[in-house]
Amino acid sequence: MRASAPGKIILFGEHAVVYGRHAVVTAINLRCYAEAKKSNSFKIHSPIATTGIDYEKHPYISYAIKRFMEIKPIDGAEIKIESEVPIASGLGSSAAVSVAVLKALDAEFDAGLSNEEIFELARKVELDVQGIGSGTDPFVSTYGGTWLIPERKRIKLEKLKIIVVDSGEKSVTAEMVAKVAELRKKLTDVVERVFDVIDAVSLKALNGDIPKLFKINQCMLKALGVSTRKIDEIVQKLEEMGIAAKLTGAGGGGSIIGVGSEDALEKARKLFNAIIVEPEQEGARVED
Ligand code: PMV
């Protein structure tokens, strides 16, 4: 059986959310597809490699199988992955592949897992591989939709088309979180106020004016030291084209998101070889 699960972007609130402030996260209409077939051994085919259970090359998929087998022991499975979600760009590809594999195994082996159980397993997989994580990515990938964090309250924003530009620089979440922690240690009162501004921006997003709020959020992320010269240049260029933009995720690289007129987005898409996404309401689903 074939199943799929969506990627995600953080619209507002990255970093501040680590310190208890609000963030807004949405599933996007790029999906990871996983097919699971009964077999007498384990085989994983992905764009990265073809392997058996392999915790080095396919950590998320291998741990997803392991966690699934704690619920329902199986002799083997052939897993095939195809993904529209770019890898390691802060778009939640790891969670999407974990959730899609769990959903496909559930369907193929009639395990009867609820979404809540799929999410719990994907959450364990996140911890198995990363040792740390808020659980937001597997949550949003399982359920789809747009969410206010940390309450996990489903919200509705104005209809959005969002451009996602890859900065070409790698973003290492743990490094950026440590960098912000360092700055906060030195300048606690100042940094706490920056977090408060980001918190207000996330809450204000519920009532619209996303472009203005993107700009303010980006200024605050720059103040926290997680933007880069490359990100600033892309944000600047997008602004010149009429698109309000900010980095998404941990920063130090990764992706930039922006909103603007369809015309402006289309021009920028060509210029940056970017992708245009929309919030996605549907989470994990069986495809067949
Ligand atoms: O780029 P991502 O998807 O790993 O997002 C990181 C978001 C942070 O707020 C920086 C960290 C976190 O765990 O919330």
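Before reading further, recall that the structure is shown in the block above.
Cut-offs and rules
- Residues numbered from 1 in each chain as written.
- Predicted model: local features only at pLDDT ≥ 70, side-chain atom pairs only at ≥ 80, totals over all residues.
- Heavy atoms only, no water.
- Helix = DSSP H or I, 4+ residues; strand = E, 2+ residues; numbered from the N terminus.
- Expected span 1.5 Å × (residues − 1).
- Buried < 20%, exposed > 50% of the residue type's maximum accessible area, 1.4 Å probe, protein only.
- Salt bridge = Lys/Arg side-chain N within 4 Å of Asp/Glu carboxyl O.
- Pairing = 2+ DSSP bridges.
- Axes fitted to C-alpha atoms, helices over the stretch in contact; angles between N-to-C directions.
- Lys, Arg positive; Asp, Glu negative; His and termini not counted.
- Near = heavy atom within 4 Å.
- Polar contact = N/O pair within 3.5 Å; in protein donor to acceptor, adjacent residues only side chain to side chain.
- Areas by Shrake-Rupley, 256 points an atom, 1.4 Å probe, with all protein chains shown as cover.
- Nonpolar A, V, L, I, M, F, W, Y, C, P; charged D, E, K, R; others polar.
- Domains from an automatic or database assignment.

Undergrad: An account of helix H2 (residues 93-108) is requested, with residue identities and associated values reported.
TA: Across its 16 residues, H2 extends 22 Å between first and last C-alpha, which sits within 8% of the 22 Å expected from 1.5 Å per residue. Summarising burial for H2: 15 of the 16 residues are buried, a large majority. Phi for Asp 110, located one or two positions after H2, is positive at around 45°.

Undergrad: Lay out the pattern of salt bridges with the relevant residues and their values.
TA: Scanning all chains against the criterion turns up 21 salt bridges. Close ionic contact of Glu 192 with Arg 21 constitutes a salt bridge, the shortest N to O distance being 2.5 Å. You can see Glu 192 sitting in helix H6 (residues 188-204) and its partner Arg 21 sitting in the loop between strand S1 (2-12) and strand S2 (23-38), a full 171 residues away along the chain. Both residues of the pair, Glu 192 and Arg 21, count as buried. A salt bridge links Glu 192 to Arg 184; the nearest nitrogen and oxygen atoms lie 2.6 Å apart.

Undergrad: Help me get a handle on the sheet that holds strand S8 (residues 162-166), residues and values and all.
TA: Hydrogen bonds between backbone atoms are what pair the strands of a sheet, whose relative direction is either parallel or antiparallel. Overall, antiparallel pairing links the four strands, which are arranged S9-S10-S8-S11 in an open sheet. In the strand order of this sheet, the two ends are held by strand S9 (244-248) and strand S11 (275-277), each with one partner. If you compare each strand with its neighbour and ignore which way they point, the axes differ by 30° on average. Two strands pair when backbone bridges link them, and S9 and strand S10 (residues 255-259) are joined in this way by five bridges, in the antiparallel orientation. In the sheet register, Lys 246 faces S10, and the bridge partner there is Ile 257.

Undergrad: Requested: an account of the side chain of Asp 54, with residues and values cited.
TA: Within the secondary structure layout, Asp 54 lies in the loop between strand S4 (50-51) and helix H1 (59-71). Lacking a salt bridge, the buried Asp 54 has Lys 57 as its closest oppositely charged neighbour, with an N-O distance of 4.5 Å.

Undergrad: Please give an account of the site of the ligand that cites residues and values.
TA: In the region of the ligand, the neighbouring residues are Lys 8, Ile 10, Glu 14, His 15, Val 17, Val 18, Gly 90, Thr 173, Val 177, Gly 249 and Ala 250. Taking Lys 8, its side chain carries an N or O atom lying 2.8 Å from an oxygen atom of the ligand. Burial of the ligand by the protein chains amounts to 80% of its free accessible area of 380 Å². Mapped onto the shell around the ligand, the elements with two or more residues apiece are S1 and helix H5 (173-186). By residue class, the composition of the shell around the ligand is five nonpolar, four polar and two charged. Taken together, domain 1 (2-154) and domain 2 (157-277) each give at least three residues to the shell around the ligand, which thus spans both.

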